[in-house]
Amino acid sequence: MKIRYDRETCIGMFQCVEEWEAFEKNVDAGKADLAGGEEIEEGVFELEVPDGEELDAEFAARACPVDAIELYDDGEQVI
């Protein structure tokens, strides 16, 4: 399972931070950061979801009010 985060779309509500520890508050930027995420294009980060954290990643993606977080399983977008 892989998570993709579009930091440019983020509006800094930090709801993802409350749902999954992989997201961290960056108060100075007013946006969340995806810890360990690899920048695949400007402002877009991906991270392989560690085993056992799939539900937390799903909650983080669903909690985002602007759909800046997408979740993929076997290449198919699930959120």
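Up top you'll find the structure we're talking about.
Fair warning: this is a prediction, and the values are worked out from it, not measured in the lab.

## Quick look at the pattern of salt bridges
Right, on to step 1. Taken as a whole and assessed by the stated rule, the structure comprises four salt bridges.
Right, on to step 2. A salt bridge links E46 to K2, with the shortest nitrogen-to-oxygen separation between them at 3.7 Å. Within this pair, whereas E46 is found in strand β5 (residues 44-48), its partner K2 is found in strand β1 (residues 2-6), the two being separated by 44 residues in sequence.
Right, on to step 3. Assessed through its relative accessible area of 32%, K2 is described here as partly exposed.
Right, on to step 4. Across the salt bridge formed by E58 and R62, the nearest N and O atoms sit 3.1 Å from each other. In this pair, E58 and R62 are both assigned in helix α2 (residues 54-63), four residues apart and thus about one turn of the helix distant.
Right, on to step 5. Residue classification places E58 among the partly exposed positions, given a relative accessible area of 25%.
Right, on to step 6. Overall, R62 belongs to the exposed group, its relative accessible area being 55%.

## A word on empty space enclosed by the protein
Right, on to step 1. Taken as a whole, this structure holds one cavity of 30 Å³ or more when the rule is applied.
Right, on to step 2. Along its surface, the largest cavity is lined by 14 residues, and C10, M13, F14, C64 and P65 are the ones closest to its centre.
Right, on to step 3. Partitioned by chemical class, the residues of the lining of the largest cavity number twelve nonpolar, two polar and no charged.

## Remarks on the side chain of K31
Right, on to step 1. Checked against the element boundaries, K31 lands in strand β3 (residues 31-34).
Right, on to step 2. Among the polar contacts listed, one links the side chain of K31 to the backbone oxygen of E8, at a separation of 3.4 Å.
Right, on to step 3. Residues within four places of K31 in sequence aside, it is in contact with Y5, R7, E8, C10, G12, F14, E24, K25 and N26.

## Concerning a negative patch on the surface
Right, on to step 1. On the surface, E8, E39, E41 and E42 cluster together into a negatively charged patch.
Right, on to step 2. Under the relative-accessibility criterion, E39 is labelled partly exposed at 45%.

Each value, and the rule that gives it
- Residues numbered from 1 in each chain as written.
- Predicted model: local features only at pLDDT ≥ 70, side-chain atom pairs only at ≥ 80, totals over all residues.
- Heavy atoms only, no water.
- Salt bridge = Lys/Arg side-chain N within 4 Å of Asp/Glu carboxyl O.
- Helix = DSSP H or I, 4+ residues; strand = E, 2+ residues; numbered from the N terminus.
- Buried < 20%, exposed > 50% of the residue type's maximum accessible area, 1.4 Å probe, protein only.
- 1 Å grid on protein atoms, 1.4 Å probe; cavity = no way out; pocket = protein on both sides within 12 Å on 5 of 7 lines; lining within 4 Å.
- Points joined across faces, edges and corners; volume = space filled by probe spheres on them.
- Nonpolar A, V, L, I, M, F, W, Y, C, P; charged D, E, K, R; others polar.
- Polar contact = N/O pair within 3.5 Å; in protein donor to acceptor, adjacent residues only side chain to side chain.
- Contact = heavy atoms within 4.5 Å.
- Patch = residues over 30% accessible without salt bridge, like charges linked within 9 Å, V, L, I, M, F, W, Y side chains within 5 Å.
- Areas by Shrake-Rupley, 256 points an atom, 1.4 Å probe, with all protein chains shown as cover.
- Lys, Arg positive; Asp, Glu negative; His and termini not counted.
- Charge placed at Lys NZ, Arg CZ, Asp CG, Glu CD.

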